[in-house]
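Take a look at the letters that make up each chain.
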Amino acid sequence: GCFVFKPSVKKRRLSQRIAHDFSNRNDNSEDAELRFFTCQSLWNQIKLETEKVQEDLNKQLLDNLLSFLSRSHSEFQEKTSEWTCQMKFREIPTAALILGVNVPDHDSTFRSLSDLLQNNITPYIASLEAKDCPGIKNLMQKLMGQLMNCYIDVDSLEDEDYVQVSQNRIRCSMSSLIKWYKTATKKTDCEIPSQKRTSSSKYWQSPPVVVIFKDMESFTTKVLQDFIVISSQHIHELPLVLIFGIATSPMIIHRLLPHSVSSLLCIELFQSLSCKEHLSTVIDKLLLSDQFPFKLGEKVLQVLINIFLYHDFSVQNFIKGFQLCILEHFYSQPLSILCCQLVDLKKRVNSLSYDQCENIRRLPSFRRYVEKQESEKQIALLTTDNFLKEETQKLLEDLHVYHYNYVAVLRCLHVFTSSLPKYPLGKQIRDLHCACLENQVWETEEYESSLQLARMLNKSELVTMLQQCVEILLSSSGKEFDKTVEKLKEFLTQFQNLEEAFQERDVSVSSQKELQKKTDLYHLQKTLLELKESRRSKKLTKFEMLRFEVVDYIDSLVRKYLVPADHRTLHEILYFNTATVLRGHLNAAPRTALHTALNNPHWYLKNEALKCDEGSISNKAPDICIVYKLHLECGRLINLVDWLEAFSTVVMAAEAPNADTASSDQVDDTIHARFIRAVSELELLGFIKPSKQKTDHVARLTWGGC
Amino acid sequence: MPNLEHPAYPAAALLHLESLVPCRESQVSMLLSIFGERQQFSFPAIFIYGHTSSGKTYVMQTLLNTLQLPHVFVNCVEYFTSRLLLEEILIQLQSGSSETEETSHVPCDTFNDFVRLFKQAVVSRELQDQTLYIVLDRAERLRDMEANILPAFLRLQELTDSNVTVVLLSEIVWELFRPNVGCFDPLTLYFPDYSIGHLQKILSRNHPPEYTADFYAAYINILLGVFYMVCRDLKELRHLAALNFSKYCEPVVRGEANERDTRKLWKNIEPHLKKAMQTVYLREISSSQWERLQHDDGEPGQLKGLSAHTHMDLPYYSKFLLIAAYLASYNPVRTDKRFFLKHHGKIRKTNFMKKHEKTSNHLLGPKPFPLDRLLAILYSIVDNRVAPTANIFSQITSLVTLQLLSMVGQNDQLEGPRYKCTVSLDFIRAIAR
């Protein structure tokens, strides 16, 4: 997460068993299996898509790096005899890779980087992590282990003696590394004439050795400095290239390395795409595409985006969250079997069982739909399964079409809103998407104000926007837009005509519009005055009329196509909208949960006897709950004796209300033992700790569970 | 100029040596007289110190190589444990004698073993009647190894009972080395810094073959005029000279000026060198980038240096956490109530701040604060309610791994961890915007 490292992927359970799990909850098992496979195939498609997106995004960065690496040592190899090269201090080529603050996300980038290097430049790659290298010795060990192993991998275990040499027996010093490098390169040289030409010839004579420092920030200064000093002494024999993975900013290099060390490096900077842009692309490709039948509802999307923006900046986690949504949807919604491509829809609808039909009838959106129909049709829908199936198929097809159109119009609207000053409807398309999903966007104030602003756009902007809209609509697959495109094109030609007819006036109008864009008070007054005058003199120009027409037309498009998804019938089948489940899974609050458990055991134990009103302490609750509640009333230091007294009072309250005062002096041994146990449990949970300030007191570590 | 003279070595070799070590003649002749003739016992340990790049390593290497004295040269940074160091010395000793490289590699864990093996090696190489020199470069690292290593090296002659001299090279003075007990004091020898005249002389020596020595000397003169203020490192200066020479030659190549036209050349190169001082010298941009720039005749303005990329994007709550941490680090605890509580009551204005407290807390550096205080400040500076979710806590840890916060005294996780904020005010300002 930001920055919680997830454990590596566990062995997947057998798919059969998961399918079985799916069916456990519901009765019809053949449906469950189908649902499971639909879910799995859908996820596989999405996974492929995300991998492709990531590859495309990283391509630029990786290409730059690749050219840097291939350049770095070739220069020296070519012209060693030249004067400048002799005179120049030989620096270690270093790439500083800025990858954004989320460290766990870097893994995939590094993986693709080392794959790429392996294929193109060098087989000798070692990637080091700070946690493995607390000292220079461990670093060298790790480095040599990785390099020598990779040698074995490349040559497909030909030479047995290398395999047998265990890591400990190699002297982990630079000189043995150099020796190894010499023999390794010599060997590949010899092999070229023989059978291995194809595999070896893609590397040069002496391929560079690439060392990747995955998390530069966490390395200790001394280790890095020592390593750089050592390797700079041997740069003539061992062509080394360093890659620093930097999460914060390149200033860290200067902070970690003194000038005497950083002067040994030849650092070039490479910056990856910011994670926000990355997210935009992912949303664009995953959510705003008609490739996948599964969609996210507004609240769910909001939760995912909030986790991203507020907490971790991790695209990886966003995709994981999306996966969870898919899983949860297919698991909890029996009708999700219909969440499939249009091609399969007919078959699946026809094979629906009676129970499933009942499920459909129970859907709230479907009930709303039925209520609106005529009475005969209502009866037919509620009683005849076959009719229901036909209707369902039609409705679902409508829903798909709605989504096509929705996306296209949304993009058009985004073209308009993203160029308005101050972005009343948000800068990113995802903001607009959320706003449209939430409720009817045309009823919001922001929409009103953005329309106002749109009515003040100047001509050139308007024309370019219209052109963009035409392109978007043409590229979308919906067939309904032929008319719309024609209409927009008509607008464009009208603008063209305007320009030809009223060239002089046009100049004045557009300059006036430009003035309006400026926000300072003086100009605003001036323009307002001018505006008034112009209104008085010539009412609306033709251009203005046309502009109003365009904006009104866009408005009508929005009203027609951007209806929120939950207003559509059967949206429950395609849209996943249970945000609470997702929030519980992804944004856990351990402290709150602990407090609830201790303060209100009924919440988790579901035992009627434990139900009690706020504030009072029931003696039926588990001991630890009683102790916890009592400790909430104390200050920073808690007197154990008082605490025990209070505990025994609560516990005894029910058992012996009329006990005589003499026996209450002496606390029962069992109660004492229960108390000690409960207190030590609290200590284990980290609520209290023994204090040395006062005898027989413990210190509280919390304020009261927030 | 003191000519090197020594009866034991041929005059030609000495002359050659002298030409190789300009400006270090007196030190070399001193060393020669300490060394004496080949078979004579020399001083058991010599300690040479001097500033970075004052020619210590270079002089020792050329001296031993040109006179072909038997020697072992080891860098203590590279051989970071005593075992590696001792083994390396033995390996170098053995490989010098027989060219068969695959000598059986004997483990040498203790100094005792080393002495035994060392004696064997000396005998096998038939070096009993010559002084063997062991040069330990960056000798300050010996202090980090086992306590017996340094004293033992100083007494190596005595321990091995053979003709051996240990030379220690270091940048720090002997007083910082001296162990507490039972140490043999070496003969200390100081290498002074090169003066500007020395630098000029040394740098002018290797001029490119295409140009005359005078032309290059003039260039070096200008270069030193710019850089001598900030940098006296010979290696660095030589590197800079090589980087910028092509720009200096430009007018000559284009035929706009001849080699003697110093003023014109100076006008051409001077601003360029100043720019280099701000960029390449500080490693803001790398030397290869600098060369490419020169080649394309572009402005360095297009290429941003490392320090230009200070902006950092953080998640929303991480920003607030960092700001809260900064506030907790630099505000005293008792002002918290005043700053972060809505109903804090009256502020007593009467000399609330004493004089000495006004000397900004920024000068005193960040103070550690407990986790609870950090969260309390966070809750009060964020507008809407923040749920104490696992994500918030994991962000604190991640800020620690990014070295924006640092953990103080991490003895016990349950003990209520304490943190310090390590970022500067400017950084916080940039984030808070």
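Residues numbered from 1 in each chain as written. Chains lettered and ligands numbered in written order. Predicted model: local features only at pLDDT ≥ 70, side-chain atom pairs only at ≥ 80, totals over all residues. Heavy atoms only, no water.

### Thoughts on the packing of helix α13 (residues 316-330) of chain B against helix α17 (residues 390-401) of chain B
All names here are of chain B.
Inference 1: The N-to-C vectors of α13 and α17 enclose an angle of 65°; their axes lie 10 Å apart at closest approach. When the axes of α13 and α17 are compared, the crossing they make is right-handed. Contacts between α13 and α17 involve Tyr317, Ser318, Leu321 and Leu322 on the former and, on the latter, Ile392, Gln395, Ile396 and Leu399.
Inference 2: Taken together, the residues that form the contact of α13 with α17 break down as six nonpolar, two polar and no charged. (Axes fitted to C-alpha atoms, helices over the stretch in contact; angles between N-to-C directions. Helix = DSSP H or I, 4+ residues; strand = E, 2+ residues; numbered from the N terminus. Left-handed = near helix turned anticlockwise from the far one by under 90°. Contact = heavy atoms within 4.5 Å. Nonpolar A, V, L, I, M, F, W, Y, C, P; charged D, E, K, R; others polar.)

### Considering helix α15 (residues 342-350) of chain A
Residues and elements named next belong to chain A.
Inference 1: Among the residues of α15, those classed as buried are Leu345, Arg348 and Val349. Taken around the axis of α15, the buried residues stretch over an arc of 95°, which confines them to a single face. Away from its buried face, by an angle of more than 90 degrees, α15 presents the exposed residues Val343, Lys346 and Lys347. (Buried < 20%, exposed > 50% of the residue type's maximum accessible area, 1.4 Å probe, protein only. Arc of directions from axis to C-beta.)

### Quick word on empty space enclosed by the protein
Residues and elements named next belong to chain A.
Inference 1: One pass over the structure, following the stated rule, counts nine cavities of 30 Å³ or more.
Inference 2: Forming the boundary of the largest cavity are 19 residues, of which Leu99, Asp105, Thr109, Ser272 and His278 lie nearest the centre.
Inference 3: Contributions of two or more residues to the lining of the largest cavity are made by α2 (29-78), α4 (106-120), α12 (275-286) and α14 (315-332).
Inference 4: Residues of the lining of the largest cavity, tallied by class, amount to seven nonpolar, 11 polar and one charged.
Inference 5: Two domains each donate at least three residues to the lining of the largest cavity, and these are domain 1 (18-28 + 36-77 + 86-152 + 205-273) and domain 2 (278-500 + 539-576). (1 Å grid on protein atoms, 1.4 Å probe; cavity = no way out; pocket = protein on both sides within 12 Å on 5 of 7 lines; lining within 4 Å. Points joined across faces, edges and corners; volume = space filled by probe spheres on them. Domains from an automatic or database assignment.)

### What to know about the domain arrangement of chain B
Inference 1: When cut into domains, chain B gives domain 1 (11-190), domain 2 (196-308) and domain 3 (316-340 + 362-432).
Inference 2: Summarising the inter-unit geometry, the C-alpha centres of domain 1 of chain B and domain 3 of chain B are found 52 Å apart.

### What about the interface of chain A and chain B?
Inference 1: At the junction of the two partners, chain A supplies 68 residues and chain B supplies 65 residues.
Inference 2: Taking both partners together, chain A and chain B bury about 5,700 Å²; carbon and sulfur atoms supply 60% of that area.
Inference 3: Taken together, the connections running from chain A to chain B amount to two salt bridges.
Inference 4: Measuring nitrogen to oxygen at the nearest pair gives 3.9 Å for the salt bridge that ties aspartate 313 of chain B to lysine 276 of chain A.
Inference 5: Taken together, the links from chain A to chain B amount to 10 residue pairs in polar contact (both at pLDDT 80 or more). (Buried area = accessible area lost by both parts, 1.4 Å probe. Salt bridge = Lys/Arg side-chain N within 4 Å of Asp/Glu carboxyl O. Polar contact = N/O pair within 3.5 Å; in protein donor to acceptor, adjacent residues only side chain to side chain.)

### Re the packing of aromatic side chains
What characterises a pair of aromatic rings is the spacing of the ring centres plus the angle enclosed by the ring planes.
Inference 1: Taken as a whole and assessed by the stated rule, the structure comprises 41 aromatic pairs over all chains.
Inference 2: Measuring from ring centre to ring centre gives 5.9 Å for phenylalanine 491 of chain A and tyrosine 553 of chain A, while their planes differ by 65°; the resulting arrangement is edge-to-face. Taken together, the residues phenylalanine 491 of chain A in helix α23 (residues 481-501) and tyrosine 553 of chain A in helix α26 (residues 542-561) connect sequence positions 62 residues apart. Residues phenylalanine 491 of chain A and tyrosine 553 of chain A agree in their burial class; the two are buried.
Inference 3: Three or more aromatic residues joined by ring pairs form one cluster here, namely Tyr211, Phe215, Tyr216, Tyr219, Phe245 and Tyr248 of chain B.
Inference 4: For lysine 487 of chain A, the ring lying beneath its charged end belongs to tyrosine 553 of chain A, and the centroid distance is 5.9 Å. (Phe/Tyr/Trp six-rings, centres within 6.5 Å; stacked < 30°, edge-to-face > 60°. Lys NZ or Arg CZ within 6 Å of the ring centre and 35° of its normal.)

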